[in-house]
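For reference, the chains in residue letters:
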Amino acid sequence: MAEEEHLVIMDETAIRRALTRIAHEIVEKNKGIDDCVIVGIRTRGIYLANRVAERIGEIEGRPVPVRELDITQYRDDRLDAAVTKAEAAAALGELEGMPFTTKDKIIILFDDVLYTGRTIRAAMDALMDCGRPRSIQLAVLVDRGHRELPIRPDFIGKNVPTSKQEQIQVALKEIDTIDQVTLINQRG
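For every chain, the first residue of the written sequence is number 1, and numbering continues from 1 along that sequence. This being a predicted model, a pLDDT of at least 70 is required before a residue's local features are given, and a value of 80 or more before pairs of side-chain atoms are given or counted; all residues contribute to the totals for chains, interfaces and linings. As a rule here, side-chain values come from all non-hydrogen atoms in the structure, and water together with hydrogens is ignored.

Student: Help me get a handle on the overall build of the protein chain, residues and values and all.
Tutor: The number of helices and strands found in the protein chain is five helices and ten strands. The buried label applies to any residue whose accessible area, calculated with a 1.4 Å probe on protein chains only, is under 20% of its type's maximum; exposed applies above 50%, and partly exposed to all values in between. For the protein chain, the residues scored as buried account for 43% of the 188 residues in total. Sequence-distant contacts, at least 24 apart, represent 70% of the contacts inside the protein chain between residues at least 6 apart. Total accessible area on the protein chain stands at roughly 10100 Å², and carbon and sulfur atoms take up 49% of it. Counting from the N terminus, the helices are DSSP H or I runs at least four residues long and the strands are E runs at least two residues long. Note on contacts: a residue pair qualifies if any of its non-hydrogen atoms lie within 4.5 Å across the two residues. For every accessible area listed, the method is Shrake-Rupley and the probe measures 1.4 Å; residues are considered covered only by the protein chains on display.

Listed below in C-alpha coordinates is the structure:
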(Lines give C-alpha, C1' and ligand atoms only; values in the text may rest on other atoms or scores of the structure.)
Protein backbone atom coordinates (compact mmCIF):
# COMPACT_ATOMS: atom_id res chain seq x y z
CA MET A 1 0.00 0.00 0.00
CA ALA A 2 1.33 3.44 -0.98
CA GLU A 3 2.27 5.90 1.74
CA GLU A 4 1.99 9.67 1.42
CA GLU A 5 4.44 12.13 2.89
CA HIS A 6 3.08 15.67 3.41
CA LEU A 7 5.41 18.65 3.64
CA VAL A 8 4.07 22.18 4.15
CA ILE A 9 6.10 24.39 1.80
CA MET A 10 4.15 27.64 2.27
CA ASP A 11 2.24 28.66 5.37
CA GLU A 12 -0.18 31.59 5.77
CA THR A 13 2.64 34.11 6.22
CA ALA A 14 4.56 32.87 3.16
CA ILE A 15 1.42 33.00 1.00
CA ARG A 16 0.61 36.53 2.18
CA ARG A 17 4.17 37.71 1.45
CA ALA A 18 4.19 36.06 -2.00
CA LEU A 19 0.88 37.70 -2.96
CA THR A 20 2.07 41.09 -1.70
CA ARG A 21 5.25 40.76 -3.78
CA ILE A 22 3.22 39.73 -6.85
CA ALA A 23 0.95 42.77 -6.37
CA HIS A 24 3.96 45.10 -6.34
CA GLU A 25 5.46 43.36 -9.39
CA ILE A 26 2.19 43.73 -11.34
CA VAL A 27 2.02 47.46 -10.58
CA GLU A 28 5.70 47.94 -11.46
CA LYS A 29 5.58 45.95 -14.72
CA ASN A 30 2.45 47.75 -15.93
CA LYS A 31 3.46 51.20 -14.61
CA GLY A 32 0.23 51.34 -12.64
CA ILE A 33 -3.08 49.61 -13.22
CA ASP A 34 -4.66 51.53 -16.09
CA ASP A 35 -6.57 49.12 -18.36
CA CYS A 36 -5.59 46.15 -16.15
CA VAL A 37 -8.07 43.43 -15.22
CA ILE A 38 -7.18 40.54 -12.93
CA VAL A 39 -8.86 37.30 -14.00
CA GLY A 40 -8.86 34.41 -11.54
CA ILE A 41 -9.35 30.87 -12.80
CA ARG A 42 -12.02 28.99 -10.87
CA THR A 43 -11.68 27.65 -8.19
CA ARG A 44 -8.69 28.79 -6.16
CA GLY A 45 -7.35 31.27 -8.73
CA ILE A 46 -10.24 33.67 -8.12
CA TYR A 47 -9.53 33.83 -4.38
CA LEU A 48 -5.87 34.57 -5.05
CA ALA A 49 -6.85 37.17 -7.67
CA ASN A 50 -9.12 38.91 -5.15
CA ARG A 51 -6.35 39.02 -2.56
CA VAL A 52 -3.85 40.48 -5.03
CA ALA A 53 -6.43 43.02 -6.23
CA GLU A 54 -6.98 44.10 -2.63
CA ARG A 55 -3.24 44.68 -2.17
CA ILE A 56 -3.00 46.55 -5.48
CA GLY A 57 -5.89 48.75 -4.32
CA GLU A 58 -3.91 49.58 -1.17
CA ILE A 59 -0.78 50.36 -3.22
CA GLU A 60 -2.47 52.41 -5.95
CA GLY A 61 -5.29 53.92 -3.91
CA ARG A 62 -7.94 52.70 -6.33
CA PRO A 63 -9.45 49.34 -7.22
CA VAL A 64 -8.45 47.08 -10.07
CA PRO A 65 -11.29 45.08 -11.68
CA VAL A 66 -11.41 41.36 -10.94
CA ARG A 67 -13.22 38.69 -12.95
CA GLU A 68 -13.74 34.98 -12.41
CA LEU A 69 -13.08 32.60 -15.29
CA ASP A 70 -14.61 29.14 -15.63
CA ILE A 71 -12.59 27.20 -18.21
CA THR A 72 -14.67 24.01 -18.08
CA GLN A 73 -15.98 24.45 -21.64
CA TYR A 74 -12.46 25.09 -22.96
CA ARG A 75 -10.61 22.08 -21.58
CA ASP A 76 -8.89 20.01 -24.28
CA ASP A 77 -10.00 16.79 -22.61
CA ARG A 78 -13.67 17.71 -23.12
CA LEU A 79 -15.47 15.48 -25.61
CA ASP A 80 -17.38 18.29 -27.33
CA ALA A 81 -14.68 20.89 -27.84
CA ALA A 82 -16.77 23.41 -29.82
CA VAL A 83 -17.56 26.51 -27.75
CA THR A 84 -20.24 28.98 -28.74
CA LYS A 85 -19.91 32.74 -28.27
CA ALA A 86 -22.62 32.52 -25.60
CA GLU A 87 -20.54 29.95 -23.69
CA ALA A 88 -17.49 32.20 -24.05
CA ALA A 89 -19.37 35.16 -22.57
CA ALA A 90 -20.73 32.95 -19.79
CA ALA A 91 -17.20 31.77 -18.94
CA LEU A 92 -16.36 35.31 -17.80
CA GLY A 93 -19.87 36.08 -16.61
CA GLU A 94 -21.42 39.51 -16.57
CA LEU A 95 -20.71 42.50 -14.35
CA GLU A 96 -23.89 44.28 -13.29
CA GLY A 97 -25.69 42.97 -16.37
CA MET A 98 -23.00 44.29 -18.75
CA PRO A 99 -21.08 41.78 -20.91
CA PHE A 100 -17.34 41.77 -20.27
CA THR A 101 -14.85 42.32 -23.06
CA THR A 102 -11.12 41.72 -22.97
CA LYS A 103 -10.59 44.06 -25.95
CA ASP A 104 -7.56 46.32 -25.41
CA LYS A 105 -7.23 45.27 -21.76
CA ILE A 106 -4.11 44.08 -19.97
CA ILE A 107 -5.27 40.77 -18.53
CA ILE A 108 -3.45 39.37 -15.51
CA LEU A 109 -4.52 35.73 -15.43
CA PHE A 110 -4.18 34.12 -11.98
CA ASP A 111 -4.10 30.44 -11.04
CA ASP A 112 -2.95 28.55 -7.98
CA VAL A 113 -0.58 25.97 -9.52
CA LEU A 114 1.09 25.89 -12.93
CA TYR A 115 1.86 22.35 -14.05
CA THR A 116 1.46 21.21 -17.68
CA GLY A 117 0.12 24.53 -18.98
CA ARG A 118 -3.12 23.06 -20.35
CA THR A 119 -5.36 24.95 -17.91
CA ILE A 120 -3.68 28.22 -18.91
CA ARG A 121 -4.08 27.43 -22.62
CA ALA A 122 -7.80 26.82 -22.06
CA ALA A 123 -8.05 30.10 -20.13
CA MET A 124 -6.33 32.01 -22.93
CA ASP A 125 -8.76 30.52 -25.46
CA ALA A 126 -11.68 31.70 -23.33
CA LEU A 127 -10.19 35.19 -22.96
CA MET A 128 -9.58 35.51 -26.70
CA ASP A 129 -13.22 34.60 -27.39
CA CYS A 130 -14.22 37.68 -25.37
CA GLY A 131 -12.15 40.15 -27.42
CA ARG A 132 -8.50 40.72 -28.28
CA PRO A 133 -6.62 41.82 -25.16
CA ARG A 134 -3.64 44.15 -25.41
CA SER A 135 -1.68 41.50 -23.49
CA ILE A 136 -2.14 38.52 -21.22
CA GLN A 137 0.20 38.14 -18.27
CA LEU A 138 0.27 35.05 -16.06
CA ALA A 139 0.51 34.99 -12.28
CA VAL A 140 0.67 31.77 -10.26
CA LEU A 141 1.13 31.02 -6.60
CA VAL A 142 3.23 27.89 -7.33
CA ASP A 143 5.12 26.86 -10.48
CA ARG A 144 5.94 23.15 -10.24
CA GLY A 145 7.40 22.61 -13.72
CA HIS A 146 6.61 19.75 -16.15
CA ARG A 147 5.20 21.94 -18.91
CA GLU A 148 3.66 20.25 -21.93
CA LEU A 149 3.04 23.58 -23.66
CA PRO A 150 5.35 26.60 -24.07
CA ILE A 151 3.78 28.66 -21.28
CA ARG A 152 5.79 30.69 -18.75
CA PRO A 153 4.45 32.76 -15.86
CA ASP A 154 5.25 36.47 -15.51
CA PHE A 155 4.67 36.49 -11.75
CA ILE A 156 5.47 33.53 -9.47
CA GLY A 157 4.87 33.16 -5.75
CA LYS A 158 7.19 30.15 -5.40
CA ASN A 159 9.03 27.80 -7.75
CA VAL A 160 8.77 24.22 -6.52
CA PRO A 161 10.52 21.71 -8.78
CA THR A 162 8.64 18.42 -8.40
CA SER A 163 8.73 14.89 -9.70
CA LYS A 164 5.71 13.50 -11.53
CA GLN A 165 4.95 11.34 -8.46
CA GLU A 166 4.59 14.44 -6.29
CA GLN A 167 1.56 16.70 -6.04
CA ILE A 168 1.06 20.27 -4.91
CA GLN A 169 -2.05 20.94 -2.84
CA VAL A 170 -3.15 24.54 -2.25
CA ALA A 171 -5.51 25.20 0.63
CA LEU A 172 -7.10 28.65 1.02
CA LYS A 173 -9.15 29.99 3.93
CA GLU A 174 -12.05 30.93 1.69
CA ILE A 175 -12.86 27.28 0.99
CA ASP A 176 -10.44 25.13 3.00
CA THR A 177 -10.34 27.04 6.37
CA ILE A 178 -6.52 27.25 6.24
CA ASP A 179 -3.89 28.93 4.08
CA GLN A 180 -1.08 26.58 3.14
CA VAL A 181 0.66 24.87 0.25
CA THR A 182 1.60 21.24 0.74
CA LEU A 183 3.91 19.00 -1.26
CA ILE A 184 2.57 15.44 -1.27
CA ASN A 185 5.00 12.66 -2.10
CA GLN A 186 3.52 9.26 -3.06
CA ARG A 187 5.75 6.49 -1.69
CA GLY A 188 5.53 2.81 -2.38
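Picking up where we left off.
Student: If you had to explain the packing of helix α1 (residues 12–29) against helix α2 (residues 44–60) to someone new, which residues and values would you point to?
Tutor: Helix axes use the C-alpha atoms of the stretch in contact, all axes being lines fitted to C-alpha atoms, and the angles between their N-to-C directions lie in the range 0 to 180 degrees. Two elements in contact, α1 and α2, have axes separated by 9 Å at closest approach and are oriented at 60°. With respect to each other, α1 and α2 are oriented oblique. Pair α1 / α2 crosses with right-handed handedness. Taken together, the residues of α2 that come into contact with α1 (itself represented by Ile15, Arg16, Leu19, Thr20, Ile22, Ala23, His24, Ile26 and Val27) are Leu48, Arg51, Val52, Arg55, Ile56, Ile59 and Glu60. Of the residues belonging to the contact of α1 with α2, the class tally is ten nonpolar, two polar and four charged. Angle categories: roughly parallel below 35 degrees, roughly antiparallel above 145, roughly perpendicular from 65 to 115, and oblique for all the rest. Helix crossings fall into two classes, left-handed where the near helix is turned counterclockwise from the far one by less than a right angle and right-handed where it is turned clockwise. For this scheme, ten residues count as nonpolar: Ala, Val, Leu, Ile, Met, Phe, Trp, Tyr, Cys and Pro. Four count as charged, namely Asp, Glu, Lys and Arg, and the remainder, Gly too, count as polar.

Student: How would you explain the pattern of salt bridges if you had to name every residue and give the values?
Tutor: One side-chain nitrogen of Lys or Arg within 4 Å of one carboxyl oxygen of Asp or Glu is enough to make a salt bridge. Taken as a whole and assessed by the stated rule, the structure comprises 14 salt bridges. Of the charged contacts, one joins Arg42 and Asp70 as a salt bridge, the two residues approaching to 3.0 Å between their closest N and O atoms. Of this pair, Arg42 sits in the loop between β2 (36–41) and α2 while Asp70 is found in the loop between β3 (66–69) and α3 (85–92), placing the two residues 28 residues apart along the sequence. On the basis of relative accessible area, Arg42 is assigned to the partly exposed category, the value being 45%. For Arg51, the salt bridge identified is with Glu174, shortest N-O distance 2.7 Å. Here Arg51 is found in helix α2, whereas its partner Glu174 is found in helix α5 (residues 173–176), with 123 residues between them in sequence. Residue class for Arg51 comes out buried when judged on its relative accessible area of 13%. Sharing partners across several salt bridges, the network here consists of Arg42, Glu68 and Asp70.

Student: Give a description of the packing of aromatic side chains that names residues and reports values.
Tutor: Here a Phe, Tyr or Trp ring, Trp counted by its six-membered ring, pairs with any other such ring whose centre lies within 6.5 Å, and the pair is stacked when the planes are under 30 degrees apart, edge-to-face when over 60, and tilted otherwise. This model, assessed by the stated rule, comprises zero aromatic pairs. Counting as a charge over the ring demands two things of the Lys NZ or Arg CZ atom: a distance within 6 Å of the ring centre and an angle within 35 degrees of the ring normal. Over the ring of Tyr115 we find Arg144, and its NZ or CZ is 3.9 Å from the ring centre.

Student: Which residues make up the sheet that holds strand β8 (residues 155–159), and what values do they have?
Tutor: The strands making up a sheet are joined through hydrogen bonds of the backbone, oriented either antiparallel or parallel. An order of β3-β2-β6-β7-β8 is seen for the five strands of this open sheet, with the pairing classed as parallel. This sheet does not close on itself; its edge strands, each paired only once, are β3 and β8. On average, each strand axis in the sheet is tilted by 25° relative to the strand beside it, whichever way the strands run. For two strands to be treated as a pair, DSSP must find at least two bridges joining them. Taken together, the four bridges between β2 and β3 define a ladder with parallel strand orientation. Residue pairing in the sheet places Ile38 in a bridge with Val66 of β3. Together, β2, β3, β6 (106–114) and β7 (135–143) form the strand contacts of helix α4 (residues 118–128), whose direction differs from that of β6 by roughly 155°.

Student: Please provide a residue-by-residue account of α2, values included.
Tutor: In this scheme, a helix's expected span is set at 1.5 Å multiplied by one less than its residue total. Helix length check: α2, at 17 residues, gives a terminal C-alpha distance of 24 Å against a target of 24 Å (1.5 Å per residue), a fit within 8%. Packing partners of the buried residues in α2 comprise α1, β2, β3, β6, β7 and α5. Directly beyond the C-terminal end of α2, a positive phi value near 75° is found at Gly61.

Student: Any details on the sheet that holds strand β1 (residues 3–10)? Residues and values, ideally.
Tutor: Strand order in the open sheet made by the three strands is β1-β10-β9, with antiparallel pairing throughout. Edge positions in the sheet fall to β1 and β9 (166–171), since each has one partner strand and no second. This sheet shows a mean twist of 25° between the axes of neighbouring strands, independent of strand direction. Examined bridge by bridge, β1 and strand β10 (residues 180–187) share seven bridges and lie antiparallel to one another. Paired with Leu7 across the strands is Leu183, a residue of β10. With respect to the sheet, α1 is in contact with β1 and β10, its orientation differing from that of β1 by roughly 50°.

Take it as geometry only, folks, not as evidence of what the structure does.
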